[in-house]
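Close look at the chain arrangement
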There are 2 protein chains.
Amino acid sequence: MQDREKQLRSELEAARKRLYERLHNGEDPQKAYEEEAWPALLALWREYPQVKGGVARGFDLSVHTLGTSPEATILAILGTRAREVHILHTADTKQHLEKIQKDAGVLVYPRQIDKSNVTTVYQAVEEILPSSREVRVAMDLTSGTKAMTSGLAAAAFFLQRVYSGIQVVYVDSEEFDTTLRRPVPGKEVLIRLPNPYEVLGNFQKLIGGELYQRGEFKSAEEVFREAHRNTGKGEFDLLARLSRAYWSWQVFRFAEAAGALKSLIGELEKDAWISHPLGRSLDTLRGQREGLEAMARLVEQKDLSQKEAVAWLASTLLKRSEETDHLAMAALYAYRALELLLQHLALEAGQNPESPSLGPEEDQAFERTLEELLGEKPRRWERWGLLEILAYLKSKDHPALKGWDLKRLQGVKGALQTRNKLLLVHGLEVPQERSIRQIRGLAYDLVRWLGHRVDVEPVNIS
Amino acid sequence: MQDREKQLRSELEAARKRLYERLHNGEDPQKAYEEEAWPALLALWREYPQVKGGVARGFDLSVHTLGTSPEATILAILGTRAREVHILHTADTKQHLEKIQKDAGVLVYPRQIDKSNVTTVYQAVEEILPSSREVRVAMDLTSGTKAMTSGLAAAAFFLQRVYSGIQVVYVDSEEFDTTLRRPVPGKEVLIRLPNPYEVLGNFQKLIGGELYQRGEFKSAEEVFREAHRNTGKGEFDLLARLSRAYWSWQVFRFAEAAGALKSLIGELEKDAWISHPLGRSLDTLRGQREGLEAMARLVEQKDLSQKEAVAWLASTLLKRSEETDHLAMAALYAYRALELLLQHLALEAGQNPESPSLGPEEDQAFERTLEELLGEKPRRWERWGLLEILAYLKSKDHPALKGWDLKRLQGVKGALQTRNKLLLVHGLEVPQERSIRQIRGLAYDLVRWLGHRVDVEPVNIS
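Reading the values: rules and limits
- Residues numbered from 1 in each chain as written.
- Chains lettered and ligands numbered in written order.
- Predicted model: local features only at pLDDT ≥ 70, side-chain atom pairs only at ≥ 80, totals over all residues.
- Heavy atoms only, no water.
- Pairing = 2+ DSSP bridges.
- Helix = DSSP H or I, 4+ residues; strand = E, 2+ residues; numbered from the N terminus.
- Axes fitted to C-alpha atoms, helices over the stretch in contact; angles between N-to-C directions.
- Contact = heavy atoms within 4.5 Å.
- Least-squares fit on C-alpha atoms with pLDDT ≥ 70 in both.
- Buried area = accessible area lost by both parts, 1.4 Å probe.
- Salt bridge = Lys/Arg side-chain N within 4 Å of Asp/Glu carboxyl O.
- Phe/Tyr/Trp six-rings, centres within 6.5 Å; stacked < 30°, edge-to-face > 60°.
- Lys NZ or Arg CZ within 6 Å of the ring centre and 35° of its normal.
- 1 Å grid on protein atoms, 1.4 Å probe; cavity = no way out; pocket = protein on both sides within 12 Å on 5 of 7 lines; lining within 4 Å.
- Points joined across faces, edges and corners; volume = space filled by probe spheres on them.
- Nonpolar A, V, L, I, M, F, W, Y, C, P; charged D, E, K, R; others polar.

**Some remarks on the sheet that holds strand β8 (residues 188-193) of chain B**
Residue and element names in this part refer to chain B. Across the sheet, which stays open at both edges, the six strands sit in the order β3-β2-β1-β4-β5-β8 with mixed pairing between neighbours. Every other strand in the sheet has two partners, leaving β3 (108-112) and β8 as the edge strands with one partner each. Along the sheet, successive strands turn relative to each other by an average axial angle of 25°, direction set aside. The strands that helix α5 (residues 118-128) touches are β1 (61-65), β2 (84-89), β3 and β4 (137-140); relative to β2, the one it contacts most, it runs at about 165°.

Structure, rendered in structure tokens:
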């Protein structure tokens, strides 16, 4: 402490002694405070405001609610030292504005509000804040009614979501004197109130959990990472990793997703996490990791005979098809799922749809089925599309298609023929929701027939 | 008012008179209050709690901060009547718990917090709240320090995002007595503090604006609709409509998007909105509406000769390609944009890529160019794909391809050949970011060559 500050503090100490002597003699506390303690306290804060714990410097503006104690507000103004000072006063507390300007030595912008109507506080804050989000603002709730101060805090914490330079502060006291109805002079200190969002992981967990539920895994990951940073709790790290894994899965980065799940499972298997809620989903997560690894291999090796991987990839495509709002996308995913499954079945039956090769009898049966399906003489192509593979499998009486009579296939013929004409393929056709559901129906049948246990649903995190 | 309530009120009136007589005689205010006013006030609130303006009934639990005035907290407990009552007290105010239980006639769950450390308040709230989001909770900030009450309000308003059944309440008074340092007995009333988010459209505008900036138009629309409902301000309705239009555009519902923009433009042309910020973007919006209508016609009529519509649709596809995190999607959009543009140019040059028909000389030139491009003898197909159209246009020295020498085309050959092998088309290939950028580069060149002014960027809303 510098000499000058020591001197001011000892003058305050002396003033306090005189104050308590006068109180002891039964003098009026308010008058005694004003004459003895306040001048010394003001002198100290003018040069050495007592500020603690993370209050910023260099505020562009400050907003203060004003109740019946102007002295506390004056200290807050001296502690925040904003370039522009706004005071929210009531009809009753307007009288203190002059003293505040004189003692704090600043020009203030006054604004009258209703002491019981918090909406007037919100509106004042809204109008005072400039549109620049870079602005540094102190919101001081030292003085005022509950509605005023709680309203200011609520507005400030809310606005911090977009105005990162807002701080909520107030003049606290380490010791309160009930006779004075004030802090013991010299025990005042300006402190910062932290935003509940910053402090409490569980609040962030709720928000992150909502995003996770809605399948917005990237945003969920950000929230959980922030919760981990703020609280240091490892459980949020696990939730962030899980969200990351599901996001990677959504955008078909299967190897990345498998890696993320692998490390997550490794953590969950440790004793430290034995009671983590995700522990209940360990089996599902292990299964999903295997599925993702199978898909990563499928994409890497391009070997369509990998039945399990085909079941997982088709299910992934079908899930995306169901989730998207975008019909053109939904159609694309559904077609690709069905085609993938058919490609697999054709390959298993010994035919590569890229270069099919049939014996004469086989070919006759194939052409006949195709004609029945189309209702007209088919054009023949070098490669097989969806319809050709379907006709081929049907002509071979493939057991996967046992439940599908020709009538059902004819019913979806239109939908199947449309594929190449779709907006996102080679044409301008906008798909119909009904057709997409039909395609998905066929694909789900085939996934079930493959008989692999596939679970593409995100695990429960609450 | 019922007779019984009238009777209790007149007893309170009589008690208040006796109280002020005693004060007038210089008696101790605290003692006089406790003996005269409090019993009558308590009797009234036990049967007829004075509750105003939107406070709910049937709370499952209530949380009260407790400062130096237990009476106010007792009234809040009687006013909220929750099935489970939690009190956040400090080391100093613990002494009041017994009186509270006795006077309010309830068993309370006490929990000690630090009066200056708001984090302890947040933690208490977090632990008291059950995980069910259906719970109805009253958070009462009548009593306690600024840190305690502001902290409770901030936590409560924050939690309302997920717990819709939380209300923030406090006992206000229409008249305060400075001698008593309490409300004038009988003037107390329990009221609700509204959430700043509900009240102030500008706050929601900030949040909605953020979502809009990030291209999350569906969520932005929801926020703006809510702001419109809460504030009744028509400007939010305009922003909601704009967000809706852009969302429809994103999912290729061009006619819907055009309709939404049309009605928005109609509004903006009215005198009432002459100074709305969107007014500055009217020309852009009119242009976008025309573009959307052109795309709607294109999709409806499937006439690829509509140059302007092709430019808009290709630009829309390219924008989506750039925005998505999903590489397989990004590739698909980019390919479709390039193909669409090439389909248009081929058609303009007199060839339908679905059934091309070339004279012998033309065909020779075409085959030669295709061979140069591929570096090998080409296989010929009935329909033309991307590479064939490119080779055809090049063989005709089409001016749109003036800047593209054979070397550049050979450079992207691999990327172009990959299309059918892509994961979302017929194969399992995962596209490379570099290839996608190359494809987009070619497509952007063609859009520029078409020479139509196309602006697919959302207009500025701030």
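**Considering the sheet that holds strand β1 (residues 61-65) of chain A**
Residues and elements named next belong to chain A. Pairing within the open sheet is mixed, and its six strands lie in the order β3-β2-β1-β4-β5-β8. Edge strands, defined here as strands with exactly one partner in the open sheet, are β3 (108-112) and β8 (188-193). Strand-to-strand, the axes of this sheet are offset by a mean angle of 25°, without reference to chain direction. Sheet topology places strand β2 (residues 84-89) next to β3; five bridges connect them, and they run parallel. Its bridge partner lying in β3, His-86 is registered against Tyr-109.

**Some points on the relation of the copies chain B and chain A**
Note on the copies: chain B fits chain A at an RMSD of 0.2 Å, the axial shift is 0.1 Å, and the rotation between them is 180°. This pairing of chains is accounted for by a two-fold axis.

**Here we look at the interface of chain B and chain A**
Every contact between the two is made by 81 residues of chain B and, on the other side, 81 residues of chain A. When the two sides are added together, the surface that chain B and chain A hide from each other amounts to roughly 7200 Å², 61% of it contributed by carbon and sulfur. For the pair chain B and chain A, the interface holds six salt bridges. Here B:Asp325 and A:Lys218 are joined by a salt bridge, their closest N and O atoms 3.4 Å apart.

**Quick notes on the packing of aromatic side chains**
All names here are of chain A. In total, this model carries 18 aromatic pairs over all chains according to the counting rule given. Each member of the aromatic cluster is reached from another via a ring pair, and the members are Tyr-212, Phe-217, Tyr-246, Trp-249 and Trp-312. The side chain of Arg-182 reaches across the aromatic face of Tyr-33, ending 4.0 Å from its centre.

**Describing empty space enclosed by the protein**
If a probe as big as a water molecule is rolled over the atoms, it shows which places are left empty. All names here are of chain B. A complete count under the given rule lists two cavities of 30 Å³ or more for this structure. The calculated volume of the largest cavity comes to roughly 110 Å³. Looking at the largest cavity, the residues that line it are Phe-217, Tyr-246, Trp-249, Gln-250, Thr-316, Lys-319, Arg-320, Glu-323, Val-456 and Pro-458. When contributions to the lining of the largest cavity are tallied by element, the ones reaching two or more residues are α10 (234-250) and α13 (307-323). Here the lining of the largest cavity gets four residues from one element, more than from any other, and that element is α13. Looking at side-chain class alone, the lining of the largest cavity contains five nonpolar, two polar and three charged residues. If you add up the space inside the second largest cavity, you get close to 40 Å³.

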